[in-house]
Amino acid sequence: MSAAEISQVLKEGELEKRSDSLLQFWKRKTCVLTTDSLNIYADTQKRSKGKELKLQSIKKVDCVERTGKFVYFTIVTTDNKEIDFRCSGEENCWNAVITMALIDYQNRKAIQDFKTRQDNESAARQEPDDTC
């Protein structure tokens, strides 16, 4: 993967994240989805103190529900942590874009792992046998 592929922005905009507090308020966040991660910023102007959720740490996008105004979905991480989000049903749905980015990431990783395994097997076959 080149540096240009890693930093390519797939979607940028606002998303609401449910807080982890007892009252579970919905907080508006600015999000930037790249080919490698979902970046979540509390401040829409400065984009400081953001959290980065790498696609390699996402297991799946789950629990999609549409109400009159919002689409609700959950991101499940590889350590089984659930992060709840909602977005306006009028705009492009974040859940679909995140799911497609996750599938693309997993496909690229599978191809890279296959090529690495194939190269290792090829190198092992080419080594001379010293047991003469």
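On a predicted model such as this, the values are computed, not experimentally measured, just so you know.

1. A few points about the overall build of the chain
- The helix and strand tally for the chain stands at 2 helices and 7 strands.
- Helices (α) and strands (β) of the chain occur, in sequence order from the N terminus, as α-β-β-β-β-β-β-β-α.
- By residue count, 32% of the 132 residues in the chain fall in the buried class.
- Taking all contacts inside the chain whose residues are at least 6 apart in sequence as the whole, residues at least 24 apart take part in 37%.
- Accessible area for the chain stands at about 9100 Å²; split by element, carbon and sulfur atoms hold 48% of it.

2. Some words on the layout of surface pockets
- By volume, the largest pocket amounts to about 190 Å³.
- For the largest pocket, the full set of lining residues is Lys17, Asp20, Ile40, Lys51, Glu52, Leu53, Ser57, Thr77, Asp79, Lys81, Glu82 and Ile83.
- Counting residues per element, the ones that place at least two in the lining of the largest pocket are strand S4 (51-54) and strand S7 (82-88).
- Counting residues per element, the lining of the largest pocket draws most heavily on S4, which supplies 3 residues.
- Its residues placed into classes, the lining of the largest pocket shows 3 nonpolar, 2 polar and 7 charged.
- Roughly 160 Å³ of volume is contained in the second largest pocket.
- What lines the second largest pocket is simply Lys17, Ser19, Asp20, Lys27, Lys29, Ile40, Tyr41, Ala42, Lys49 and Lys51.
- Secondary structure elements with two or more residues in the lining of the second largest pocket: strand S2 (26-34) and strand S3 (37-41).
- Here the residues of the lining of the second largest pocket sort into 3 nonpolar, 1 polar and 6 charged.

3. Some thoughts on helix H2 (residues 94-126)
- The first and last C-alpha atoms of H2 sit 48 Å apart over 33 residues, in line with the 48 Å expected at 1.5 Å per residue.
- Among the residues of H2, Trp94, Asn95, Ile98, Ala101, Leu102, Tyr105 and Arg108 are the ones counted as buried.
- Summarising the contacts, the buried residues of H2 are in contact with strand S1 (9-18), S2, S3, strand S5 (58-66), strand S6 (70-77) and S7.

4. Notes on the packing of aromatic side chains
- Taken as a whole and judged by the stated rule, the model has 3 aromatic pairs.
- With 6.1 Å between their ring centres and 65 degrees between their planes, Phe70 and Tyr72 make a pair best called edge-to-face.
- You can call Phe70 buried: its relative accessible area is 13%.
- An angle of 20 degrees between the planes, with centres 5.6 Å apart, marks the rings of Phe73 and Phe85 as stacked. Here Phe73, found in strand S6, pairs with Phe85, found in strand S7; they are 12 residues apart in sequence, far enough to count as distant.
- Counting every residue linked through ring pairs, the aromatic cluster contains Trp26, Phe70 and Tyr72.

5. Points about the pairing of S3
- Extensive coverage of S3 is indicated by the burial of 5 of its 5 residues.
- Of the two faces of S3, both are covered, the one formed by Ser37, Asn39 and Tyr41 as well as the one formed by Leu38 and Ile40.
- Pairing between S2 and S3: 4 bridges, direction antiparallel. Looking at the pairing, Leu33 lines up with Leu38 of S3.
- In textbook terms, the turn of a hairpin is the stretch between consecutive antiparallel strands, and for S2 and S3 this stretch comprises 2 residues.

Scoring rules and cut-offs
Residues numbered from 1 in each chain as written. Predicted model: local features only at pLDDT ≥ 70, side-chain atom pairs only at ≥ 80, totals over all residues. Heavy atoms only, no water. Helix = DSSP H or I, 4+ residues; strand = E, 2+ residues; numbered from the N terminus. Buried < 20%, exposed > 50% of the residue type's maximum accessible area, 1.4 Å probe, protein only. Contact = heavy atoms within 4.5 Å. Areas by Shrake-Rupley, 256 points an atom, 1.4 Å probe, with all protein chains shown as cover. 1 Å grid on protein atoms, 1.4 Å probe; cavity = no way out; pocket = protein on both sides within 12 Å on 5 of 7 lines; lining within 4 Å. Points joined across faces, edges and corners; volume = space filled by probe spheres on them. Nonpolar A, V, L, I, M, F, W, Y, C, P; charged D, E, K, R; others polar. Expected span 1.5 Å × (residues − 1). Phe/Tyr/Trp six-rings, centres within 6.5 Å; stacked < 30°, edge-to-face > 60°. Pairing = 2+ DSSP bridges.

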